[in-house]
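Coordinate inspection notes
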Amino acid sequence: MNTALLRRCLREPRIRVGLVLTGLVLLVTFAGPFLAPHGHDDIVGAPYAAPSSTALLGTDYLGEDVLSRVLAGGRSIVWIAFAGTLAGVAVGAAIGMTAAYSGGVLDEILMRAMDVLRAFPPLVLILLLVAMARASTALLPLIVAVAWVPQVARVAYGASREVVSSEFVESAETLGAPRLRIVRREILPNVMTPLMVEFGLRLTWSIGIVTAMSFLGVGLQPPAADWGLMIKENYQGLALQPWGVVLPVLCIAVFTFGTNLITEGFSWTVARVSSREISSQAVSPQAVSSEAVKA
């Protein structure tokens, strides 16, 4: 991303609001465990107890401090969603660019395999992989990544097809540059913008999917502190003590909304910059007619 585009992005209101919201959640995520008044699995009162001086937001279904578990419960969602999205975008982009540049049989094999994986809804594919692998926490990001690889590969393939026939790629081939170097230095920089937009979109979806995994019981397991797990554990006592559900839902919603605003603002900014560049390169009819008169 060039400096001018970065400055335009930072002037976009959506991106500013998204950065603030996302930054607040990340601040809670990384500083929260050090600010928690109790350990995330300490019993501090009766189950579903009302807010008190001991537990400022009450207790959950076991009598654990809701505030402490919320402050400690964001790291898992952030690192699993971010690591899984990053890996999925990286692998998907590599497959899409390789298929677009290689063409022929390799193109057909790679993209047909991606089409088969795309036939499965992401959440269904993740549940299938978890059931097959009996995944531990360390493998959860890889499972999330697998769900996004075919989606990103299709986007990277479409963007790369417009680049592989460009003159600078043909010049690099004429000079005898290795194929891997051409993909890395000639094709990748020219498809980076759609890949960044795709990363933002997939990150937003990953947050929801990681939360759904914990809620369905295939993600993190008790006594781990996790926002999705807190919703699953405490929803039956929502009428007695709502904070055990409301607060993690709010954290997840703010995080998702913030990343979505950043992605939307970035895509709008790139679209406006591209349209202005096209307009500036176009020759107006008045200019053409004046040049014809002079001739």
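The rules behind each value
- Residues numbered from 1 in each chain as written.
- Predicted model: local features only at pLDDT ≥ 70, side-chain atom pairs only at ≥ 80, totals over all residues.
- Heavy atoms only, no water.
- Phe/Tyr/Trp six-rings, centres within 6.5 Å; stacked < 30°, edge-to-face > 60°.
- Helix = DSSP H or I, 4+ residues; strand = E, 2+ residues; numbered from the N terminus.
- Buried < 20%, exposed > 50% of the residue type's maximum accessible area, 1.4 Å probe, protein only.
- Axes fitted to C-alpha atoms, helices over the stretch in contact; angles between N-to-C directions.
- Parallel < 35°, antiparallel > 145°, perpendicular 65-115°, else oblique.
- Left-handed = near helix turned anticlockwise from the far one by under 90°.
- Contact = heavy atoms within 4.5 Å.
- Nonpolar A, V, L, I, M, F, W, Y, C, P; charged D, E, K, R; others polar.
- Expected span 1.5 Å × (residues − 1).
- pLDDT = per-residue confidence, 0-100.

1. Re the packing of aromatic side chains
Here the structure, examined in full by the defined rule, presents two aromatic pairs. Aromatic pair Phe-82 and Phe-199: ring centres 5.8 Å apart, planes at 85 degrees, arrangement edge-to-face. On the criterion of sequence distance, the pair formed by Phe-82 in helix 4 (residues 75-102) and Phe-199 in helix 10 (residues 192-216) is long-range, its members being 117 residues apart. A centroid spacing of 6.0 Å and a plane angle of 55 degrees characterise the contact between Phe-215 and Tyr-235, whose relative ring orientation is tilted. In this pair, Phe-215 sits in helix 10 while Tyr-235 sits in the loop between helix 11 (227-234) and helix 12 (243-281), placing the two residues 20 residues apart along the sequence. Classification of Phe-215 by relative accessible area gives partly exposed; the value is 37%. You can call Tyr-235 partly exposed: its relative accessible area is 44%.

2. Considerations on the packing of helix 7 (residues 140-161) against helix 10
Each pair of packed helices can be summarised by the angle the axes make with each other and by the distance between the axes. Contact pair helix 7 / helix 10: the axes reach a minimum separation of 10 Å and the direction vectors enclose 150 degrees. When the axes of helix 7 and helix 10 are compared, the pair comes out roughly antiparallel. Between helix 7 and helix 10 lies a crossing of right-handed hand. Contact residues: helix 7 offers Leu-140, Val-144, Trp-148, Gln-151, Val-152, Val-155, Ala-156 and Ala-159, while helix 10 offers Pro-194, Leu-195, Glu-198, Arg-202, Trp-205, Ser-206, Ile-209, Val-210 and Met-213. For the contact of helix 7 with helix 10, the residue count by class is 13 nonpolar, two polar and two charged.

3. Observations concerning the packing of helix 4 against helix 5 (residues 104-118)
Axis separation between helix 4 and helix 5 bottoms out at 7 Å; the angle between their running directions is 145 degrees. Helix 5 is crossed by helix 4, and the crossing has left-handed handedness. Contacts between helix 4 and helix 5 involve Ile-95, Thr-98, Ala-99 and Ser-102 from the first element and Gly-104, Leu-106, Asp-107, Leu-110, Met-111 and Met-114 from the second. A class-by-class count of the residues in the contact of helix 4 with helix 5 yields six nonpolar, three polar and one charged.

4. As for helix 4
Compared with an ideal rise of 1.5 Å per residue, which puts 28 residues at 40 Å, helix 4 spans 40 Å between its outermost C-alpha atoms and is within 8% of the ideal. Positioned one or two residues after helix 4, Gly-103 has a phi angle of 65 degrees, which is positive.

5. Re the confidence of the model for the protein
With 90% of its residues at a pLDDT of 70 or more, the protein shows a mean pLDDT of 84. Mean pLDDT across the secondary structure elements of the protein bottoms out at helix 13 (residues 285-294), with 42, and peaks at helix 3 (residues 66-72), with 93. Within the model, pLDDT remains below 50 along residues 283-295, and this stretch shows one contact once partners closer than five positions in the same chain are excluded.

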